[in-house]
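Chain and residue survey
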Amino acid sequence: ADLVWGSEVRDGAGVAGTRFAKGTSLTMAAVISNPCTTDVTFTTPDSCLVQSWEVVDASGMGQGVAVACAAVVTSWTVPAGGTLEDTMAWGREPVNSYVLKVGYNYGGYSSSTNFSVF
C-alpha cells in the first residue's frame, strides 16, 4: 500500500514527457516508486511485472501488446526511496491525443498517463 504505481511515455533518448513531435519513437514505462525508508518486496504469480499495456487514442481506438510470462512465481523489491521499472518499446504514433494504460501484475494496480503527438 506504500508503493506509488505510475506510468510514463518516453522519447528515443529516454526522456519522459506528455507532448512528442510526429515521428518520435516512443517507449512506454511502468514505474513503481517507493517513498518509504525501507525496501518493499511483493510477489507476482509469474515472471511479469506488467500484465497489460494499452494505448487508446482520442476516438477510443485502442492498441494493446500481449505480454508473455514464464510460469514462475517472482519476487520484486523496490528499494527505499527508489523505483522499479519495466518498459515496452512502442514505436511511432500518428498525430493525436492518447492515454497509456498500464495494468500491473499485482494487487489489481493500474496507472494511466495522457500524452499527445503533434
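First things first, this report covers the structure right here in the doc. All values reported here derive from a predicted model rather than from experimental measurement.

It is worth spelling out the pairing of strand S11 (residues 110-117) at this point. Sheet analysis places strand S3 (residues 19-20) next to S11, joined by 2 bridges and oriented parallel. Counterpart to Arg 19 in the pairing with S11 is Ser 116. Pairing geometry for strand S10 (residues 96-104) and S11, over 8 bridges, is antiparallel. Each residue of the ladder has a partner; that of Tyr 98, found in S11, is Phe 115. Connecting the antiparallel pair S10 and S11 is a turn made up of 5 residues, with Gly 107 showing a positive phi of about 60°.

As a general feature of sheets, a regular strand has side chains that alternate between the two faces. Across 7 bridges, the pairing between strand S6 (residues 50-57) and S10 is antiparallel. In the strand pairing of S10, Val 56 is matched with Val 99. Pairing between S6 and strand S7 (residues 62-65): 4 bridges, direction antiparallel. What sits directly across from Val 55, in S7, is Gln 63.

What counts, and where the lines are drawn
- Residues numbered from 1 in each chain as written.
- Predicted model: local features only at pLDDT ≥ 70, side-chain atom pairs only at ≥ 80, totals over all residues.
- Heavy atoms only, no water.
- Pairing = 2+ DSSP bridges.
- Helix = DSSP H or I, 4+ residues; strand = E, 2+ residues; numbered from the N terminus.

Any functional reading would require information beyond the geometric quantities listed.
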